[in-house]
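Here's the letter readout for the chains.
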Amino acid sequence: MFSRIVGTGSYLPPACVSNADLIARGVDTSDEWIVTRTGIRTRYLAEPGQTSSDLAFEASRRALEMAGVSADSVDLIIVATSTPDFIFPSAACLVQARLGNRGAAAFDVQAVCCGFVYALAIAEKFILSGSHRRALVIGAEVFSRILDWNDRATCVLFGDGAGAVLLEASDAPGILSVALHADGSQHRILSVPGNICGGQVTGDPFLRMDGQAVFKFAVRALAEVGQECCKAANIGVEDIDWLIPHQANIRIIDATARKMGIPPEKVVVTVAEHGNTSAASVPLALDLAVRDGRIGRGQKVMLEGVGGGFTWGAALLEF
Ligand code: ACO
């Protein structure tokens, strides 16, 4: 038995914010600095009051619509997010309520920018065990809420959004292999090191990053885990039709593809328009490439994530 993606969906909030818009809002930067270092030209920011579960609901609705199935037939809902609406209940439970589903298992996964790959791997295990048959797997983030808008080294990098897939038990492939890893000793290079205690924020509630350390770690981790997934599925890197790496930065994406020996024309890139949407970036890019016809049935697609923790992982699919 396999688990197979039968629908994809995504959602971006309405406000498209260019680099020039950030400068107009008072960020001390330039379009040239952002574009040459990151490739980012625009990002989408959630409206005040718009939450991760709102974005996740819209992406899920579209994935269900593509698959042509009703929400009440879903028996597992996993949301990957580091920016949930509440401390609890989970964003997954809120999405479930909005979809009108009753009784599915629903929970969130926290693996930051690798969260969607973790969530997909978990859903695959549930389906392969035979306990569940139809899973909504969602990445949804409002990173704009945890950015220090006075820190130009981080606030220009991120955007908000959501992507979703519907995963089903199937006789045909399917997810061919998955690999997940973490190294908690690297937690300081990318973190939001605050918490809520006694009704107050204790520590720092904003995203902090050692950009150069992240860069080096991300390229090595993404290249290695991609090769590991190919080996596990017994295919060569040259058999991959599409690489969809986490969309953090064009230089990380280019360096990873080069290290893996994958030509640029096989890489799906959305970072220029979306910025880094953390757990949403991979399913957003997947949905875009499915809907514009680049990714078709039978093609081999490698999804890769890397993020705070540090966490990293990959999933190889026959779409
Ligand atoms: N605009 C203009 N100047 C800036 C900006 C900005 N937005 N941000 C920083 N600078 C300045 C700094 O102040 C510094 O100036 P100085 O030399 O006068 O002190 C100069 O640019 C260089 O700063 P660095 O931090 O050393 O810049 P670096 O070359 O490392 O580039 C960057 C920063 C783009 C973040 C880079 O480290 C990088 O690509 N890192 C990868 C991290 C990443 O993409 N993270 C995303 C999240 S992690 C994830 O998703 C896995």
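The model shown is predicted, which means the values in this text are computed figures rather than measured ones.

Chemist: I'm lost on the overall build of the protein chain in this one. Help?
Modeler: The helix and strand tally for the protein chain stands at 10 helices and 15 strands. Taken against the 2.2 N^0.38 rule, which gives 20 Å for 319 residues, the C-alpha radius of gyration of the protein chain at 18 Å falls within 12% of a compact globule. Taken along the three principal axes of its C-alpha coordinates, the protein chain extends 55 × 45 × 40 Å. For the protein chain, the proportion of its 319 residues judged to be buried stands at 57%. Considering only contacts within the protein chain whose residues lie at least 6 apart along the sequence, 77% involve residues at least 24 apart. For the protein chain, the computed accessible surface area is about 12,900 Å², with 52% contributed by carbon and sulfur atoms. Taking the average place of the 27 positive charges on the side chains of the protein chain and the average place of its 34 negative ones, the gap between the two points comes to 1 Å.

Chemist: Could you clarify how one ought to interpret the site of the ligand in this entry?
Modeler: The environment of the ligand is made up of 24 residues, and the closest members are T29, R37, R152, H246 and N249. Within the side chain of T29, one N or O atom sits 2.6 Å away from a nitrogen atom of the ligand. Between the ligand and the protein, one listed contact pairs an oxygen atom with a side-chain N or O atom of W33 at 3.3 Å. Compared with its free state, where it exposes 1,000 Å², the ligand has 74% of that area covered by protein. Only α2 (31-38), α6 (152-155), α7 (211-233), α8 (250-260) and β14 (300-307) provide two or more residues apiece to the shell around the ligand. If you tally residues by element for the shell around the ligand, the top one is α7, at four residues.

Chemist: Sorry if this is basic, but what is going on with the pairing of strand β5 (residues 105-109) here?
Modeler: Within a regular strand, the side chains alternate between the two sheet faces. Two elements, strand β4 (residues 76-80) and β5, share five bridges in a ladder whose sense is parallel. Paired with I77 across the bridge in β5 is A106. Remark: the β4/helix α4 (residues 91-99)/β5 crossover connection has right-handed handedness.

Chemist: Explain helix α3 (residues 52-67) to me, please; I cannot follow it from the model alone.
Modeler: Structurally, the α-helix is built with 3.6 residues per turn, so residues lying three or four positions apart point the same way. Helix length check: α3, at 16 residues, gives a terminal C-alpha distance of 22 Å against a target of 22 Å (1.5 Å per residue), a fit within 8%. Within the span of α3, buried status applies to S52, S53, L55, A56, F57, E58, A59, S60, A63 and L64. Looking at the packing, one finds that the buried side of α3 touches β1 (2-11), α4, β6 (134-142) and β7 (160-170). Just downstream of α3 lies G68, where phi reads positive at about 70°.

Chemist: I would appreciate a short explanation of the nonpolar core in the present structure.
Modeler: The tendency in soluble globular proteins is for nonpolar side chains to be buried side by side. In this structure, V156, I240, L243, I262, M302, V306 and F310 are the most contacted members of the largest nonpolar core, which totals 50 residues. For this core, the secondary-structure elements that each account for two or more residues are α7, α8, β14 and β15 (311-318). Take this core: its biggest share by element is 11 residues, from α7. Filtering out sequence-adjacent residues up to four positions away, M302 remains in contact with G226, C229, C230, I240, W242, L243, I244, A314, A315 and L316. Counting 35 residues, the second largest nonpolar core, distinct from the first, contains L76, I78, F116 and V282.

Chemist: What am I meant to see in the packing of aromatic side chains here?
Modeler: In this description, an aromatic ring pair is defined by two values, namely the gap between the centres and the angle between the planes. A full pass over the atoms with the stated rule returns four aromatic pairs. A ring pair is formed by F217 and F310, whose centres lie 4.7 Å apart and whose planes are at 55°; its orientation type is tilted. Of this pair, F217 sits in helix α7 while F310 sits in the loop between β14 and β15, and the two are 93 residues apart along the sequence. Here F217 matches F310 in class, with each residue buried. Put simply, the rings of F217, F310 and W312 pair up and form one aromatic cluster. The ring of F57 has R98 lying over it, and the distance from NZ or CZ to the ring centre is 4.3 Å. Between the NZ or CZ atom of R220 and the centre of the ring of F217, over which it lies, the distance is 5.2 Å.

Chemist: Whenever I open this one, the layout of surface pockets confuses me. Can you help?
Modeler: Remark: the empty space left among the atoms is shown by a probe the size of a water molecule rolled over them. Of the voids in this model, the largest pocket is the one considered here, and its volume is about 800 Å³. Taken together, 27 residues form the lining of the largest pocket, with S82, T83, P84, I146 and V192 sitting closest to its centre. When residues of the lining of the largest pocket are traced back to their parent elements, those giving at least two are β9 (190-191) and β10 (195-197). Here the lining of the largest pocket is composed, by residue class, of 13 nonpolar, 11 polar and three charged. As for the second largest pocket, its lining consists of 27 residues, and the residues nearest its centre are L157, M209, G211, Q212 and N249. Considering every element that reaches the lining of the second largest pocket, the biggest residue donor is α7, with five residues.

Here is what the cut-offs are and how they apply
Residues numbered from 1 in each chain as written. Predicted model: local features only at pLDDT ≥ 70, side-chain atom pairs only at ≥ 80, totals over all residues. Heavy atoms only, no water. Helix = DSSP H or I, 4+ residues; strand = E, 2+ residues; numbered from the N terminus. Rg over C-alpha atoms; globule rule 2.2 N^0.38 Å. Buried < 20%, exposed > 50% of the residue type's maximum accessible area, 1.4 Å probe, protein only. Contact = heavy atoms within 4.5 Å. Areas by Shrake-Rupley, 256 points an atom, 1.4 Å probe, with all protein chains shown as cover. Lys, Arg positive; Asp, Glu negative; His and termini not counted. Charge placed at Lys NZ, Arg CZ, Asp CG, Glu CD. Near = heavy atom within 4 Å. Polar contact = N/O pair within 3.5 Å; in protein donor to acceptor, adjacent residues only side chain to side chain. Pairing = 2+ DSSP bridges. Right-handed = clockwise from strand over helix to strand, strands pointing away. Expected span 1.5 Å × (residues − 1). Core = buried A, V, L, I, M, F, W, Y, C linked by side-chain atoms within 4.5 Å. Phe/Tyr/Trp six-rings, centres within 6.5 Å; stacked < 30°, edge-to-face > 60°. Lys NZ or Arg CZ within 6 Å of the ring centre and 35° of its normal. 1 Å grid on protein atoms, 1.4 Å probe; cavity = no way out; pocket = protein on both sides within 12 Å on 5 of 7 lines; lining within 4 Å. Points joined across faces, edges and corners; volume = space filled by probe spheres on them. Nonpolar A, V, L, I, M, F, W, Y, C, P; charged D, E, K, R; others polar.

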